[in-house]
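# A structural walkthrough
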Amino acid sequence: MNENGLRICIKDLSRKYIYCNELFAADLGMDVSDILGRDDFDFGDRSAAEEFLRHDMSVLESGKPVISCVRRDLRGKECFFKVSRIPYITGNSELSGILAISEEINGELFLRERLVETSQEAEAFEIWEIDSTEGSIFKHESSGNLFSKSEPGSLKELEALFHREDRGKLTARIGACARTEGSFRIQLRLIEIPEDQRWIELFGIFRGNKAHVLISDTSRQVRLEKTLLLYEQAFANSIAGIILTDSCGAIIRVNDSFIKMMGGQNKLFEISEKTDILAERREDWLRIMAEISRNGFWKGRLSVTRSDGKPFMTFLTVNRIMSEEDSIDYLLWTFLDISEKYNLEKKIKSLGEQFEAFIGTTMDGYWLIDEGGSILDCNRRACDMLGFSREEMIGKNVGEIDVVEDREALEQHIGIVVESGSDIFKTKHRKKNGDLLDIQVSSTYWAEKKLFIGFVRDITDIEKNKKELEELNIALRIVIESERSSNLTSEKNMNLTLQKTVIPLLNQLSESCSDNQKEIIRLVKDSLNLVESYPAELTALLTPKELQIAQMIYQGYVSKEIGNVLNMSGRTVENYRQAIRKKLRIEDSSENLNNIIAGYFNRM
């Protein structure tokens, strides 16, 4: 009786074999005659025999079937079996032993094994004896309510409970098996509301004209099988790399995404029972396993090396799958390639460190301000500039520091920065000790965060020097005008006066000026030195500004240098040059202006 690949055996009340089919005997490598009259302890595998004894005794003591999953080494390979044990009832309705039907499920992974183990939980079942000649049904044991519409007493009544496409299948199968004393397994769908479909599975074995049948509600198992199919599809099609290993890390199965991630071809992965993902990284392996033992999973970043030897960063999740004995049976590893994200994070971190270094060393104060004007962040220079600690600065409003703009004016200024994106302006800030600072602010609006980034510079000394220079220029103009109005006859006396009154002031001022301001002072001193030798014709024709530019042209300055020193644009300098040419009546001449001006000085 080897139909459907089922292994079938019957044991008596003392758990000795009184029947088995050839496929059952072949698994043990024995003939049927060598098995009959013996028990499981006679075949050498004591741990397996003790497990079989436990399940057999459960059937004999409870009178109820037991479904289990058994892992066995047969023919040199590991095999999985679903074993259904049911009470063996003889014709006089007495319990005579145990009927066991085993189905090999080798090739199904751990999910299939778990599916089989859990499929029996809270299931309804019935044990029948069927007389194939009369078509009558005798129920011996039941749990739950398999048939909600009626209790069938014959095969015809039973057939009416199934869908049209399933009707007749059971009767035909029973008839065929009765003639050959065979076994059968069939799954049929009951007539139920479509939204609540129910499936019934029947395992049966014939001896003579009697059949012993275990009937189970497999609706839950069918749903689990569909779920398993979805898991299988997700495993195969996931963009994440997924591998299944045993508890020691030996690879059992991988998906295509993992193969591609590791730089392999899109083909079946060559699996080695000794393959260890972290074979050379013992510390990582121990750390991961310790976490899994505590929490049931581990997740984190892990550097993995491709087949070409190049490392890349992954986000790894490892989940444990427990056995019935509450030990770790399998590990499911899910890899996500986060190399691009990791490299981007490194770049952002590097840029952040560079920015921190910049704002920490810059001579300008750095402020980060919200739309309400409150300071969210600042650097050390900003604190030192005003004499506050960082704790005092954070949370302070700009209006508490700025002494030029009131609240309304400040809000208007913020609106201008938001609209234009950035602005540079001057203002005054009050220090903690009450002193005022002249400040130049460079402000930028960070639209995505609705924040303002400001760099502030202390220009108090610059403004002071600028004021002194302006006062000096006024004094110089007064002296020149005074000298002209008094119509001094001696240019030497005029030069002496300038040397005594102006030059000392210029020398004093140049000690605290910037390079650009020193250049201007040097130009002023040179101009004073040339006062006594200015050609009278040029003095009569040109304005003071034109005389100043003419002098610089005579000294060899080009237009760009003149503009930098006098704070003029290049276009303005060219306009002055054209005005000088016009007054000297050479606007239509191509002669060099420098040569013309030099001629006036040389004729003196």
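Data block above holds the structure.
In this text, all values refer to a predicted model and were calculated from it rather than measured experimentally.

## Remarks on the packing of helix α19 (residues 544–554) against helix α21 (residues 570–583)
Between α19 and α21, the least distance of the axes is 10 Å, while the angle of their chain directions is 95°. Between α19 and α21, the interaxial angle falls into the category roughly perpendicular. On α21, the residues touching Lys-545, Glu-546, Ile-549, Ala-550 and Ile-553 of α19 are Tyr-576, Arg-577, Ala-579, Ile-580 and Lys-583. Residues that form the contact of α19 with α21 fall into these classes: 6 nonpolar, no polar and 4 charged.

## Notes on the sheet that holds strand β16 (residues 365–370)
Either a parallel or an antiparallel arrangement is found when strands of a sheet pair, and the pairing is made through backbone hydrogen bonds. Ordered in space as β17-β16-β20-β19-β18, the 5 strands form an open sheet in which the pairing is antiparallel. Of all strands in the sheet, those bounded by a partner on one side alone are β17 (375–378) and β18 (422–430). Between one strand axis and the next, the sheet turns by 30° as a mean value, whatever way the strands run. Relative to the sheet, helix α13 (residues 407–420) contacts β18, β19 (436–446) and β20 (451–458), its axis offset from that of β18 by approximately 155°.

## Details of the pairing of strand β15 (residues 328–337)
Note on strand geometry: in a regular strand, side chains alternate between the two faces of the sheet. When strand β11 (residues 241–246) meets β15, the two strands line up antiparallel, connected through 6 bridges. Directly across from Ile-243, in β15, lies its bridge partner Trp-333. Bridge analysis of strand β14 (residues 311–322) against β15 gives 9 bridges, and the strand direction is antiparallel. Note on β15: the bridge partner recorded for Arg-320 is Leu-331.

## Examining the packing of aromatic side chains
Using the criterion set out here, one finds 6 aromatic pairs in the structure. Relative to Phe-24, the ring of Tyr-17 has its centre 5.5 Å away and its plane inclined at 50°; by these criteria the two rings are tilted. The exposure class of Tyr-17 is buried, given its relative accessible area of 4%. On the accessibility criterion, Phe-24 (10% relative accessible area) is buried. Plain terms: the ring middles of Phe-258 and Phe-335 are 5.3 Å apart, the flat faces sit at 45° to each other, and that makes the pair tilted. Note that Phe-258 is positioned in helix α8 (residues 256–261) and Phe-335 in strand β15, a separation of 77 residues in sequence. One exposure class covers both Phe-258 and Phe-335, and it is buried. Positioned above the aromatic ring of Phe-388, the side-chain terminus of Lys-396 is 4.8 Å from the ring centre.

## With respect to the environment of Pro-535
Along the chain, Pro-535 falls in the loop between α17 (515–530) and α18 (536–541). Residues Pro-535 and Asn-602, spaced 67 residues apart in sequence, show a C-alpha to C-alpha distance of 9.0 Å.

## As for a nonpolar patch on the surface
On the surface, a nonpolar cluster with roughly 230 Å² of combined accessible area is contributed by Val-403, Val-404 and Leu-436. Tracing the chain through its elements places Leu-436 in strand β19.

## What to know about the nonpolar core
Ranked by internal contacts, the top residues of the largest apolar core, which has 23 residues, are Phe-147, Phe-184 and Leu-202. Broken down by secondary-structure element, the contributors of at least two residues to this core are β6 (125–131), α5 (155–159), α6 (169–180), β8 (183–189), β9 (199–207) and β10 (210–217). Take this core: its biggest share by element is 4 residues, from α6. Residue contacts for Phe-147: discarding those within four places in its chain leaves Glu-126, Trp-128, Pro-152, Leu-158, Leu-161, Phe-162, Leu-190 and Ile-215. Core analysis: the next-biggest nonpolar cluster, separate from the first, contains 22 residues, Trp-367, Met-385, Leu-410 and Val-456 among them.

## Structural notes on helix α3 (residues 46–62)
Compared with an ideal rise of 1.5 Å per residue, which puts 17 residues at 24 Å, α3 spans 24 Å between its outermost C-alpha atoms and is within 8% of the ideal. Among the residues of α3, those classed as buried are Ala-48, Ala-49, Phe-52, His-55, Asp-56, Val-59 and Leu-60. End-on view of α3: buried residues confined to an arc of 140°, all on one side of the axis. For α3, the exposed residues lying more than 90 degrees away from the buried face are Arg-46, Ser-47, Arg-54 and Glu-61. Two residues or fewer past α3, Gly-63 is found with a positive phi of approximately 70°.

## Description of the pattern of salt bridges
With the rule as written, the count across this model stands at 15 salt bridges. Residues Asp-40 and Lys-11 are paired through a salt bridge, measuring 2.6 Å at the closest nitrogen-oxygen approach. One end of the pair, Asp-40, is in the loop between α2 (32–35) and α3; the other, Lys-11, is in strand β1 (residues 6–12), with 29 residues separating them in the sequence. Here Asp-56 makes a salt bridge to Lys-11, at a shortest N to O gap of 2.7 Å. Residue Asp-56 is located in helix α3, and its partner Lys-11 is located in strand β1; the two are separated by 45 residues in the primary sequence. Lys-11 sits in the buried class, given a relative accessible area of 4%. A cluster of three or more residues bridged by salt bridges with shared partners is formed by Lys-11, Asp-40, Asp-56 and Arg-85.

## What to know about the packing of α19 against helix α20 (residues 559–566)
As a packed pair, α19 and α20 sit with axes 10 Å apart at the nearest point and diverge in direction by 130°. Accordingly, the angle class assigned to the pair α19 and α20 is oblique. Between α19 and α20 the crossing geometry is right-handed. Across the interface between the two elements, Gln-548, Ile-549, Met-552 and Ile-553 from α19 touch Ile-562, Val-565 and Leu-566 from α20. Considered class by class, the residues forming the contact of α19 with α20 number 6 nonpolar, 1 polar and no charged.

## Considerations on the sheet that holds strand β12 (residues 251–254)
Pairing within the open sheet is antiparallel, and its 5 strands lie in the order β12-β11-β15-β14-β13. This sheet does not close on itself; its edge strands, each paired only once, are β12 and β13 (297–305). The mean angle between the axes of side-by-side strands here comes to 25°, regardless of whether they run parallel or antiparallel. Against the sheet, helix α9 (residues 282–295) engages β13, β14 and β15, with an angle of about 160° to β13.

## Side note on the pairing of β13
Only one face of β13 is covered, namely the face carrying Trp-298, Gly-300, Leu-302 and Val-304; the face carrying Phe-297, Lys-299, Arg-301, Ser-303 and Thr-305 is uncovered. Pairing between β13 and β14: 9 bridges, direction antiparallel. When the sheet's bridge partners are listed, Thr-305 is paired in β14 with Pro-311. Count of turn residues in the β13/β14 antiparallel hairpin: 5 residues, of which Gly-309 carries a positive phi of about 90°.

## Some words on α13
Taking 1.5 Å of rise per residue, 14 residues should cover 20 Å, and α13 covers 20 Å from first to last C-alpha, within 8% of that figure. All of the buried residues in α13 are Leu-410, His-413, Ile-414 and Val-417. Down the axis, α13 shows its buried residues gathered within 105° of arc, on one side only. Exposed residues lying more than 90 degrees from the buried face of α13 are Glu-408, Gln-412 and Glu-419. Elements in contact with the buried residues of α13: β18, β19 and β20.

Thresholds, definitions, all that
Residues numbered from 1 in each chain as written. Predicted model: local features only at pLDDT ≥ 70, side-chain atom pairs only at ≥ 80, totals over all residues. Heavy atoms only, no water. Axes fitted to C-alpha atoms, helices over the stretch in contact; angles between N-to-C directions. Helix = DSSP H or I, 4+ residues; strand = E, 2+ residues; numbered from the N terminus. Parallel < 35°, antiparallel > 145°, perpendicular 65-115°, else oblique. Contact = heavy atoms within 4.5 Å. Nonpolar A, V, L, I, M, F, W, Y, C, P; charged D, E, K, R; others polar. Pairing = 2+ DSSP bridges. Phe/Tyr/Trp six-rings, centres within 6.5 Å; stacked < 30°, edge-to-face > 60°. Buried < 20%, exposed > 50% of the residue type's maximum accessible area, 1.4 Å probe, protein only. Lys NZ or Arg CZ within 6 Å of the ring centre and 35° of its normal. Patch = residues over 30% accessible without salt bridge, like charges linked within 9 Å, V, L, I, M, F, W, Y side chains within 5 Å. Areas by Shrake-Rupley, 256 points an atom, 1.4 Å probe, with all protein chains shown as cover. Salt bridge = Lys/Arg side-chain N within 4 Å of Asp/Glu carboxyl O. Core = buried A, V, L, I, M, F, W, Y, C linked by side-chain atoms within 4.5 Å. Expected span 1.5 Å × (residues − 1). Arc of directions from axis to C-beta. Left-handed = near helix turned anticlockwise from the far one by under 90°.

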